[in-house]
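Chains, contacts and geometry: an overview
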Amino acid sequence: AKFLREKAIAEDIMNRLVPDTSASKEILNSEVASCKNHDLSDLLAYGIGVHHAGLARADRTLVEDLFSDGHLQVLVSTATLAWGVNLPAHTVVIKGTEVYNPTAAKWEELSQLDVMQMLGRAGRPQFDKQGVGIIITSYNELQYYLSLFNQQLPIESQFVKQLADSLNAEIVSGMVQSVTDAVAWLGYTYLFVRMLRNPILYSISVDQLEKDPLLHQHRGNLIHSAALLLEKHGLVKYDRRNGSFQTTDLGKIASTYYISSTTLSTYNRNLKPNLGEIELCNTFCLSEEFKNIVVREEDKLELAKLMERVPIPVKENIEDPTAKTNVLLQAYISRLCLDGFVLSADMSFIIQNAGRLMRCLFEIVLRHGWAQATYKALNLSKMVSRRMWLNQTPLRQFDGIPADILMRLEKKDIPWERFYDLTPQELGELVRVPRMGKALHKLVHHFPRLEISAQLLPLTRSMIKIDLTLTPDFAWDDSSHGFVESFWIFVEDSDSEMILHSETFLLRKQMIDVEHCVSFTVLVHDPIPPQYFVRVVSDRWLGSESSLAISFRHLHVPEKCAPPTELLDLQPLPVTAFRNDTIQSVYEGVSSFNPIQTQVFSQLYSSNDNVVVCAPVGSGLDTCAEFAIYQAMQQGDSNAAFKCVYVAPYQSVVQQQLEQWQKTLQSKLGLKIMALSGETALDLKIIEGCNIILSTPSHWDMVSRRWRHRKSIQGVSLFIMDGLHLISSPIGPCIEIITSRMRYISKQLDKPMRLVGLGGPIANARDVGEWMGASQHSVFNFHPSARPVPLQVQIQGFDSPFYESRIQSMVRPAYSTIVQRDVQTIVFVPSWKAARMATLDMLSYAAAEDKDKRFLKCSEEDLVDYLQHISDKALMHGISCGVAYLHDGLSQQTQSIVQQLFRAGAIQVLIVTSSLVWSLSVSADLVILMGTDRSQHHIASQSEYPLADIQQMLSKANNSSYDSNTDSPCTAIVMCHAPRKAQLVKFLQEPLPLESYLDHFLHDHMCAETVVKMIENKQDAVDYMTWTMYYRRLSQNPNYYNLQGTSHRHVSDHLSELIESTVSDLENAKCIAVEDDLDMLPLNLGMISTHYYLNYTTIELFSSSITAKTKLKGLLQILSNSSEYESISVGPETEDFVRPLLRRVALPVEDRLHNLQAKKVNVLLQAHCNQLHISPEHRQEQNEVVRKSIRLLHAMVDIVSSSGWLQPALEAMEFCQLISQGMWAKDSWLMQLPHFTKELADKCAEQDVSGVFDLLDMEDQERESLLSLDSPKKMEDIVNYAESFPDVELNYEVSCEESESEDPVQVRVVLERKSVGNPHNVRSKFFPGQKSEVWWLIVGDSKTNELLAIKRVNLLQKSKSALEFAAPAPGKHELTLYFMCDSYLGADQEYNFNLNVTQRSDDGDGDGGADAVQMEE
């Protein structure tokens, strides 16, 4: 450009470039000042511009704008302009056609595409009819460029060079799993097209093409050769017999970091456990990517100078190309300047590849588990990205600190940890620039830092669970940290040589103030090492590392457990073994029982001992329960005297068992069978009138707490606890408490009650048997492999740390497995989104193979009747192609239809969300778990599936018609995150011991037992604990429960301390009172907590937060923070879900009063009342929130009533009504009716029809005319609802109109229901599940906000009640009698009455007063 300027000046043609009179000259002169580049500003005034990658972005944009506007006549550019910017011109001149290629390390001719692209700029469509292109090149290349434009040479494929690496990438992604898949994949490439068009060039003879027109054989040969190469380098496992591929860890690394197979093979050969930075750099330089780098004569001098300045010694001679690569890499990290252009281009090429190659080295050594090599590789990778060395100050990673300040900091011999303790003034003095103190202090505390602590929980003698707590200890800055920071968690052995466990931890901006818990297991070998080390290292920041030594000095590993029960080779037991025709009729079509049922039969059916049976899920344990029922039935004098309780872990399991037993035991044996509802009054009637009572642990806990006063509980002769293996789950404490209670009841009443425990395989079944009172020969604990139907379990690891991409990568392998095996398949996925995505992806894969109906096993006509009952269009499409999905958001009818079609074999693939595993009633030959974690939760351990859930999923691989002679075993494939693979292998092969979590949930149970007088002092509490499984495990595995020894003294002290801390917490929460530091007395809050089965912390929150002036908004805020909602999931997507709903809800949600979880609960409740549409996954959570809210609001009413506040009590009752009907108070009461819309309610309001009774009082014709419904059925529904709407006649009588202050006043009330509705079944369009009506009678003074009396009423048909209260202060009082409902709007009643209260007279002696009081009483 400068040459052109000088030439134009010399020839005096400058005015052609910029005429003196043109406006362009003024514009160019004005823009010169804004140029950042000095050379550009010199040239612009002469109408000449330059454009290259070295210019600042602003300068490049300025040049582009000036040229496109015509102010610049000449633009001198590098090749960047050819591809990156669209600037047409009249003439394009290519000066020289050689460019330097750093990959090949030599000068090469421009490719034909580059030349075509450059010359394509010639000719401006709006100004020119033709453009001019000029190429200045060497004479040797003249013919090439002439032919390029005249002959149009074809573009040939170069894909064969990269075939092996591309094939590896497809194998890793799951798109290619065999040679057949690979041949089909190759058919989509341009290489295949060119092989057909020009076979000779690709070494294909004419004869080959004639014999094989589509080149199947040739493509197969190419794939075979590539597969052999990949296998040689260890990237895949290639089975030559069936042509299948299986990826390896190295293959995954190569695909992830885009590394060639030869490079990876080189790395694998050269990497060793103890290599240092020198060896790491040398290995890096051996990469195939740098094979073309050469050392030129002109480079040697500068390389020699650089070699003396780089910190890591270079052993190789300066002539060696690897030495050049090594030196340039270190020069880049050291920020050294280079003189030569070619050397700069080589450095640029090396750095472009350095990031991924270093990460690749890190991943390889991490997979090998070499601790020191892993840290060195990770640090070297971070040095490349940060361009600094490890011995430099970490503050260099922040922008904006002057270089001299950094140099001063590095000269000070102060450890980095010491900087956190320095004040801004001290930091300023340290660098001798006081004004920099605050800025440095701020940056020091922006540097990522995590505080870590760990707790050891021994699981077995060889396996330890580590609960790691990570606490962020830095301030988040978006410019430095972005939205997420990644950390590596490493666990090293005692010598810091091997990494025993590694995983990534993602810290998100929203979770910076939260403590994070990460749980994982590690193996411990004999002899036990002295310690392990845990390191948490930042993935991006040099110097950000926290370490913790975990000492094993005081570790007590649990004793070895007894071996599992051997499955005896017995003759299958025939059904006739019952010797009872009535019982045998239950098993029509069954000839004999399976081996496990055969082995336990005599102990369950022929004896009355307590029995524990632990067997793999799917072994027919429900039949074992039936054996015990038959034995108890025959022991009783009559069916009426026989009472059995069967407790299953979840409501869905109870419902399934209820339906099954009602079809068999109830219909064949005449037994009365029902399930508990959770409402105490109704449940007591069920227990009294039934032979077999089914219940969940919480329902039985609620009803059995007052067993001393309930004869029906004492009359239970058989207690069956199913799901013993869930004692270690969140519902475990409840299972433990009710089982201990039933054994205690049996002991106290001195009355035989048989306990039968059923569950999955566990290691310490003998401990469980002792706890339940079962003798050693009555404990059966079978190994997981002892399934009646054999199961093959395969575990596949997937590396992606990101949840969505990991789930996505599992779909293709799952599809290939289903196609290969061609059997009925159940696929479990984490969420409804994953279910729909997997369904559509599988249909897409099938359609791509022109087999879109491959999974449909019936005619489409057979599905028509079923599809018309399904509203989900995506599900309808899936079913019509043979793939269906199930999630919580689907109606029960839809779920039933889908399961019916799958059971009948009409559809082959059923995709189910993990939350439905316990309610799923179908099984299949193949089960696939796509993922073992539910979401990217901020607490990693809570997002993983519980082990019991995984076992339940695997149990669905169960062929009921299995024949060992003809059928192959069922198969389960578990696809999981790679770090969890080893843990799952261990867990699924060997059962784990059961451990108790009772100490974490003891408060509520202790409070309840105190309320029912089971515990009256602290010694009672200690005695109470000795009945539990927790007490038995204390001495067996002391470290798990934070004990330091196993002696009686240690256990006793631990129990006493536990009771003391629990009682202290309950006392502080005002749930109980402690007298004389020993006796425990229940208080009102404790009674409310027990009655409503609520957490004591919730009751404490309600009591401390609600005031006399609390309104609906305040009640909602307090309700949202209840401990009962801690199970509501919170993840990174929660903010995205909540944000749009916040704009649509009626009541504002204040951030300062809600954490994210409470905010979500608040929004879900308001969305219910607003009837907003939300996703199916959140709808299930909303249903849970709504159901729990009724109990919580009832408790609020009781707490507020205890304080004597009228208005908050009425607000809570009205809130119950709003939740029950899914409405707001401003909505018309008519909106409760079916088929009513807002428009129809407004239309009724215009005719002064505002309530249900107004509508009911209308004449039929008048009503039909007003509503104008389109079908008689809708009118019938409305009338039926209105007739069942509670119409209660209330009569009351006040004992006196005048009274003295504090004298008792009584209001007698008679209630009579006139309507025909069922009070145990509230009719609501939006309430999820069944609900009973609850009524309150209240006497209060609205002027003083005083609540004088309240009574809860369960109204069936007729009821009499009396409310008694002390007369208020002297004066005339206008009191109100309220009759409030918790379920319907518009059913409440109010009655005012006057009470004249006079001053209390104190005349007469004490005895007379006492007599008077006695008479009144």
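Residues numbered from 1 in each chain as written. Predicted model: local features only at pLDDT ≥ 70, side-chain atom pairs only at ≥ 80, totals over all residues. Heavy atoms only, no water.

1. Some details on the overall build of the protein chain
Counting its regular elements, the protein chain contains 57 helices and 38 strands. Taken along its principal axes, the extent of the C-alpha atoms in the protein chain is 130 × 85 × 80 Å. Looking at the 1417 residues of the protein chain, the share that counts as buried comes to 52%. A sequence separation of at least 24 residues applies to 69% of the contacts in the protein chain between residues at least 6 apart. (Helix = DSSP H or I, 4+ residues; strand = E, 2+ residues; numbered from the N terminus. Buried < 20%, exposed > 50% of the residue type's maximum accessible area, 1.4 Å probe, protein only. Contact = heavy atoms within 4.5 Å.)

2. A look at the packing of helix H53 (residues 1238-1246) against helix H55 (residues 1260-1267)
Orientation of H53 relative to H55, taken along the N-to-C sense of each, is 130°, at an axis distance of 10 Å. One finds that H53 runs oblique with respect to H55. Residues Leu 1240, Lys 1243 and Cys 1244 of H53 lie in contact with H55, whose contacting residues are Ser 1265, Leu 1266 and Leu 1267. Among the residues forming the contact of H53 with H55, the class breakdown is four nonpolar, one polar and one charged. (Axes fitted to C-alpha atoms, helices over the stretch in contact; angles between N-to-C directions. Parallel < 35°, antiparallel > 145°, perpendicular 65-115°, else oblique. Nonpolar A, V, L, I, M, F, W, Y, C, P; charged D, E, K, R; others polar.)

3. Side note on the sheet that holds strand E34 (residues 1335-1341)
The mixed open sheet is built from five strands, whose spatial order is E32-E38-E37-E34-E35. The open sheet has two free edges, formed respectively by strand E32 (1298-1300) and strand E35 (1346-1353), since each of these has just one partner strand. The sheet shows a mean angle of 25° between the axes of neighbouring strands, direction not considered. Relative to strand E38 (residues 1389-1398), strand E37 (residues 1371-1381) runs antiparallel, the two being bridged by nine bridges. Note that in E38 the partner of Lys 1372 across the bridge is Asn 1396. (Pairing = 2+ DSSP bridges.)

4. Describing the packing of aromatic side chains
Going through the model one piece at a time under the given rule, you end up with 42 aromatic pairs. A centroid spacing of 5.2 Å and a plane angle of 85° characterise the contact between Tyr 744 and Trp 1027, whose relative ring orientation is edge-to-face. Of this pair, Tyr 744 sits in helix H32 (residues 732-749) while Trp 1027 sits in the loop between helix H43 (1018-1025) and helix H44 (1029-1036), placing them 283 residues apart in sequence. Summarising the aromatic geometry, the rings of Tyr 815 and Tyr 845 are spaced 5.4 Å apart at their centres and angled 55° between planes, so their arrangement reads as tilted. Taken together, the residues span a long stretch of sequence, with Tyr 815 in helix H34 (residues 803-821) and Tyr 845 in helix H35 (residues 832-848) at a distance of 30 residues. By relative accessible area, Tyr 845 is classed as buried at 16%. Aromatic rings pair up to connect Phe 578, Tyr 587, Phe 593, Phe 601, Tyr 605, Phe 627 and Tyr 630 into one cluster. Over the aromatic face of Trp 541 sits the side chain of Arg 386, whose NZ or CZ is 4.3 Å from the ring centroid. Seen from the ring of Tyr 332, Arg 387 lies directly overhead, with NZ or CZ sitting 4.1 Å from the centre. (Phe/Tyr/Trp six-rings, centres within 6.5 Å; stacked < 30°, edge-to-face > 60°. Lys NZ or Arg CZ within 6 Å of the ring centre and 35° of its normal.)

5. Digging into the nonpolar core
Membership of the largest hydrophobic core comes to 154 residues, with the highest contact counts inside it found for Trp 700 and Met 930. The dominant element in this core, judged by the number of residues it contributes, is helix H27 (residues 621-635), at nine residues. Among the nonpolar cores identified, the runner-up in size contains 133 residues, and Leu 1094, Phe 1102, Leu 1206 and Val 1334 belong to it. (Core = buried A, V, L, I, M, F, W, Y, C linked by side-chain atoms within 4.5 Å.)

6. Some points on the pattern of salt bridges
Throughout the structure, instances matching the rule amount to 49 salt bridges. Residue Glu 1009 is joined to Arg 741 by a salt bridge in which the shortest nitrogen-to-oxygen separation is 2.7 Å. Remark: Arg 741 occurs in helix H32 and Glu 1009 occurs in helix H42 (residues 1002-1011); sequence separation between them is 268 residues. Taking relative accessible area as the criterion, Arg 741 reaches 6% and is therefore assigned buried. Asp 1136 is the partner of Arg 1139 in a salt bridge, and the nearest nitrogen-oxygen pair spans 3.3 Å. (Salt bridge = Lys/Arg side-chain N within 4 Å of Asp/Glu carboxyl O.)

7. Observations concerning a nonpolar patch on the surface
A cluster of nonpolar residues, Val 93, Val 132, Ile 134 and Ile 136, forms a patch on the protein surface that exposes about 300 Å² of accessible area. Looking at which element gives the most residues to the nonpolar patch, the answer is strand E6 (residues 132-136), with three residues. In this fold, Ile 134 is placed in strand E6. (Patch = residues over 30% accessible without salt bridge, like charges linked within 9 Å, V, L, I, M, F, W, Y side chains within 5 Å. Areas by Shrake-Rupley, 256 points an atom, 1.4 Å probe, with all protein chains shown as cover.)

8. Focus: the state of the cysteines
Throughout the structure, instances matching the rule amount to zero disulfides. Free cysteine Cys 281: the closest other cysteine sulfur is in Cys 285, separated by 6.5 Å. Its sulfur unpaired, Cys 624 is 11 Å from the next cysteine sulfur, which belongs to Cys 614. On the accessibility criterion, Cys 624 (0% relative accessible area) is buried. (Disulfide = S-S within 2.5 Å.)

9. A few points about helix H50 (residues 1156-1170)
Across its 15 residues, H50 extends 21 Å between first and last C-alpha, which sits within 8% of the 21 Å expected from 1.5 Å per residue. Of all 15 residues in H50, 14 are buried, a share of seventy percent or more. Capping of H50 at its N-terminal end is provided by Asn 1155; its side-chain oxygen lies 3.2 Å from the backbone amide nitrogen of Gln 1157. Two residues or fewer after H50 comes Gln 1171, characterised by a positive phi angle close to 60°. (Expected span 1.5 Å × (residues − 1). Polar contact = N/O pair within 3.5 Å; in protein donor to acceptor, adjacent residues only side chain to side chain.)

10. Some words on unusual backbone geometry
At Lys 1013, a position not held by glycine, the phi torsion is positive, near 70°. Locating Lys 1013 in the fold gives a position in the loop between H42 and H43. Positive phi, close to 60°, is recorded for Tyr 1093, a residue that is not glycine.

11. A few points about the packing of helix H10 (residues 179-186) against helix H13 (residues 216-232)
Between two packed helices, both the angle of their axes relative to each other and the distance between the axes serve to describe the pair. Contact pair H10 / H13: the axes reach a minimum separation of 9 Å and the direction vectors enclose 115°. If you check the angle between H10 and H13, you find them roughly perpendicular. Pair H10 / H13 crosses with right-handed handedness. Side by side, H10 and H13 meet where Val 179, Ala 182, Val 183, Ala 184, Trp 185 and Leu 186 of the first sit next to His 216, Arg 219, Gly 220, Leu 222 and Ile 223 of the second. (Left-handed = near helix turned anticlockwise from the far one by under 90°.)

12. Overview of the environment of Val 1309
Tracing the backbone through its elements, the reader meets Val 1309 in strand E33 (residues 1304-1313). Since its relative accessible area comes to 1%, Val 1309 is described here as buried. Residues Val 1309 and Leu 926 lie 383 residues apart in sequence; the distance between their C-alpha atoms is 64 Å. In contact with Val 1309, not counting residues within four places along its chain, are Leu 1290, Asn 1291, Tyr 1292, Leu 1337, Ser 1359, Lys 1360, Ser 1361, Leu 1363 and Leu 1377.

13. So, the side chain of Ser 1332
Looking at where Ser 1332 falls in the secondary structure, it is placed in the loop between E33 and E34. The exposure class assigned to Ser 1332 is buried, which follows from its relative accessible area of 7%. Engagement of the side chain of Ser 1332 in a polar contact is seen with the side chain of Glu 679, the distance being 2.6 Å. One polar contact links Ser 1332 to His 1320, side chain to side chain, over a distance of 3.3 Å. Every residue in contact with Ser 1332, bar those within four places of it in the chain, is listed here: Glu 679, Pro 1319, His 1320, Val 1322, Asp 1382 and Ser 1383.

14. Side note on the environment of Glu 6
Mapped onto the fold, Glu 6 is located in helix H1 (residues 2-10). When the C-alpha atoms of Glu 6 and Ile 583 are compared, they prove to be 112 Å apart, with 577 residues separating the residues in sequence.

15. What about the sheet that holds strand E19 (residues 692-695)?
Strand order in the open sheet formed by seven strands is E18-E19-E17-E20-E21-E16-E22, and the pairing between neighbours is parallel. A single partner strand is all that each edge strand has here, and the edge strands are strand E18 (673-675) and strand E22 (779-781). On average, each strand axis in the sheet is inclined to that of its neighbour by 15°, with strand direction left out of account. Here strand E17 (residues 644-647) runs beside strand E20 (residues 718-722); their pairing, made up of four bridges, is parallel. Its bridge partner being in E20, Tyr 646 is matched across the sheet by Ile 720.

16. Here's the deal with the environment of Asp 493
Structurally, Asp 493 can be placed in the loop between strand E11 (484-492) and strand E12 (499-508). In this structure Asp 493 comes out as buried when scored by relative accessible area, which is 15%. Of the polar contacts made by the side chain of Asp 493, one reaches the backbone nitrogen of Glu 497; its length is 2.9 Å.

17. A few points about helix H33 (residues 765-772)
Of all eight residues that make up H33, six are buried, and the element is covered over most of its length. All buried positions along H33 are accounted for by Ala 765, Asp 767, Val 768, Gly 769, Trp 771 and Met 772. Against strand E16 (611-614), H32, strand E21 (754-759), E22 and H44 lie the buried residues of H33. Note on H33: the residue one or two positions beyond its end, Gly 773, has a positive phi of about 80°.

18. Some points on the side chain of Thr 521
Among the secondary structure elements, Thr 521 is positioned in strand E13 (residues 516-523). By relative accessible area, which is 14% here, Thr 521 ends up buried. Discounting chain neighbours no more than four positions away, the residues touching Thr 521 are Leu 459, Met 463, Ile 464, Lys 465, His 501, Gln 983 and Phe 987.

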